[in-house]
Amino acid sequence: MRILQAAETLHTTAKAIRFYEKEGLLTPEKDITNGYRNFNEKNLLRLSTILALREIDVPVADIKKLLENDDMDMNQYLNIQRSALFERWLAIKDMIQTIDQMVKRTEGKDFQMQDIHELAKQLKHIKTKRTEWQDRWNFNDQADDYDDNIKMQGYRFNVHQDYDKALQMVTDYVQMKTNDTCLDIGIGTGNLGAKFLQKGVHVIGVDQAENMLEACKQKHPEIEVRKGHFLALPVLDQQVNAVVSSYALHHLPDAEKLLAFVEMDRVLKTGGQICIADLMFENGRHRKKVLEAFQEAGNELAVDAIEDEYYADRSILEDWLTKHRYHVAAITINDILSVIHAVKQPAL
Ligand SMILES: C[S@@+](CC[C@H](N)C(=O)[O-])C[C@H]1O[C@@H](n2cnc3c(N)ncnc32)[C@H](O)[C@@H]1O
């Protein structure tokens, strides 16, 4: 098949095909007598893949790498691309919302340029927060041993004390109907999400660590895994009936936890539930008391472990949820572990 016919068949242009050829993505045979390109079935299939990936905005250089790699896992790659597009989409959404606010301010009689500067500053702050989080625990390396490690007691400080109890409480609190959708953020190897499969619901597991997603998929093929993170959930608005999470939120600093709640609220339907089991203190006083008790007992290991992460102040999370129309209940499981259950009320 000649170039014009190939272009017509695949609804593209000869110019585009020549460009991909020049970039080394495609090498159709040339007729030695007249130099015309000859596209066979294999070339057309490859060209269709290139066009499909361009349609979802994959850069040409990445497509080249993907096509050169024989072990290419298209599913994994699409997952990464979806996560990147969600980050871009949210960044654009933030900018549009800021523009809306700026326009509103300029309409007021007492408009001051200072207001615009302030809004731009807030936008920059959110942009930084959404992108600066780094996995300093390297969860990709923990995926293989994670399930064995949670069963270990730990020396003088057991961070996973009551782990099974906490996961079971989340499962019991969140009432769902068959075919509802449950989103588990920071799903790890799928221990919490899997409990929801038994309720006949569709489970989407999000994690920033690809090896965790892989381990989860191996254990529970029915869970749909998506690469993403708390501050850019790879889910469209109001798509899920419940958001659950266990032992993940404490990897985010406090200000980012609230931004994570904004994200959870965005993807959650009205009437939906958020249920989180995590390492947290009831409030600032409780944190001080628990840390002092460990210090007095000479348990520096516990103090260091707690200070290495971002155990939440539960009262701040409850406060945010209450202010954003949630009915909230919180339960202390032990000195460092709580469950928060919140139900989203309709807008007034
Ligand atoms: C301690 S494991 C908990 C896994 C699982 N939820 C459980 O209860 O066994 C923490 C998980 O949260 C994920 N995680 C940490 N920070 C995250 C973030 N900002 N966004 C998405 N996942 C995150 C990690 O990659 C890891 O898989």
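Residues numbered from 1 in each chain as written. Predicted model: local features only at pLDDT ≥ 70, side-chain atom pairs only at ≥ 80, totals over all residues. Heavy atoms only, no water.

## Considering helix 2 (residues 14-22)
Within the sequence span of helix 2, burial applies to Ala14, Ala16, Ile17, Tyr20 and Glu21. Viewed end-on, helix 2 has its buried residues packed into an arc of 160°, placing them on one side of the element. The exposed residues of helix 2 that point more than 90 degrees off its buried face are Lys15 and Lys22. Looking at the buried side of helix 2, the elements it contacts are helix 1 (3-9), strand 1 (29-30), strand 2 (37-38), helix 3 (41-55) and helix 4 (60-68). (Buried < 20%, exposed > 50% of the residue type's maximum accessible area, 1.4 Å probe, protein only. Helix = DSSP H or I, 4+ residues; strand = E, 2+ residues; numbered from the N terminus. Arc of directions from axis to C-beta. Contact = heavy atoms within 4.5 Å.)

## Here's the deal with the domain arrangement of the protein chain
Along its sequence, the protein chain is carved into domain 1 (3-68), domain 2 (83-132) and domain 3 (139-344). Each of domain 1 and domain 2 has a C-alpha centre, and the two are 40 Å apart. (Domains from an automatic or database assignment.)

## Thoughts on unusual backbone geometry
We note that Asn138 has phi near 50°; this positive angle belongs to a residue other than glycine. Along the polypeptide, Asn138 turns up in the loop between helix 6 (113-132) and helix 7 (139-142). Positive phi, normally seen in glycine, also occurs at Asp162, with a value near 70°. Take Asp162: its relative accessible area is 26%, and that puts it in the partly exposed class.

## Looking at the site of the ligand
Around the ligand there are 19 residues in total, and Tyr163, Gly186, Asp207, Gln208 and Ser246 lie nearest to it. In the model, an oxygen atom of the ligand is placed 2.5 Å from a nitrogen or oxygen of the Tyr163 side chain. The separation between an oxygen atom of the ligand and a polar side-chain atom of Asp207 is 2.6 Å. In the complex, the protein chains occlude 98% of the 600 Å² of accessible area that the ligand would expose alone. Spatially, the ligand is embedded in the largest pocket. Of the residues that constitute the shell around the ligand, the class distribution is 11 nonpolar, seven polar and one charged. (Near = heavy atom within 4 Å. Polar contact = N/O pair within 3.5 Å; in protein donor to acceptor, adjacent residues only side chain to side chain. Areas by Shrake-Rupley, 256 points an atom, 1.4 Å probe, with all protein chains shown as cover. 1 Å grid on protein atoms, 1.4 Å probe; cavity = no way out; pocket = protein on both sides within 12 Å on 5 of 7 lines; lining within 4 Å. Sits in = over half its atoms within 2 Å of the grid points. Nonpolar A, V, L, I, M, F, W, Y, C, P; charged D, E, K, R; others polar.)

## Comments concerning the UniProt feature "domain: HTH merR-type" (unreviewed entry) in the protein chain
With numbering matched to this structure, UniProt assigns "domain: HTH merR-type" (unreviewed entry) to residues 1-69. What you have in residues 1-69 is 58% helix and 6% strand, and the ends, taken at the C-alpha atoms, are 27 Å apart. (UniProt positions renumbered as here; feature names shortened; annotations may be inferred.)

## As for the packing of aromatic side chains
In the structure shown here, the tally under the stated rule is nine aromatic pairs. Here Trp137 and Tyr310 contribute two aromatic rings whose centre-to-centre distance is 6.4 Å and whose plane-to-plane angle is 85°, an arrangement assigned as edge-to-face. With Trp137 in the loop between helix 6 and helix 7 and Tyr310 in the loop between helix 14 (300-307) and strand 8 (312-313), this residue pair connects regions lying 173 residues apart in the sequence. With centroids separated by 5.6 Å and ring planes inclined at 90°, the aromatic side chains of Phe157 and Phe294 adopt a geometry described as edge-to-face. Of this pair, Phe157 sits in the loop between helix 8 (146-149) and helix 9 (163-173) while Phe294 sits in helix 13 (residues 284-296), and the two are 137 residues apart along the sequence. Take Phe157 and Phe294: they sit in the same class, and that class is buried. (Phe/Tyr/Trp six-rings, centres within 6.5 Å; stacked < 30°, edge-to-face > 60°.)

## Topic: the pattern of salt bridges
Throughout the structure, instances matching the rule amount to 18 salt bridges. The shortest N-O distance in the salt bridge between Arg37 and Glu21 comes to 2.4 Å. Of this pair, Arg37 sits in strand 2 while Glu21 sits in helix 2, placing them 16 residues apart in sequence. Relative accessible area serves as the criterion here: at 17%, Glu21 is assigned to the buried category. (Salt bridge = Lys/Arg side-chain N within 4 Å of Asp/Glu carboxyl O.)

## Notes on the pairing of strand 3 (residues 181-185)
Judged by how many residues are buried, strand 3 sits mostly within the fold: five of five residues are covered. Going residue by residue along strand 3, you find Thr181, Leu183 and Ile185 tucked away on one face and Cys182 and Asp184 tucked away on the opposite face as well. Alignment of strand 3 against strand 6 (residues 240-246), held across three bridges, turns out to be parallel. Residue pairing in the sheet places Cys182 in a bridge with Ala242 of strand 6. (Pairing = 2+ DSSP bridges.)

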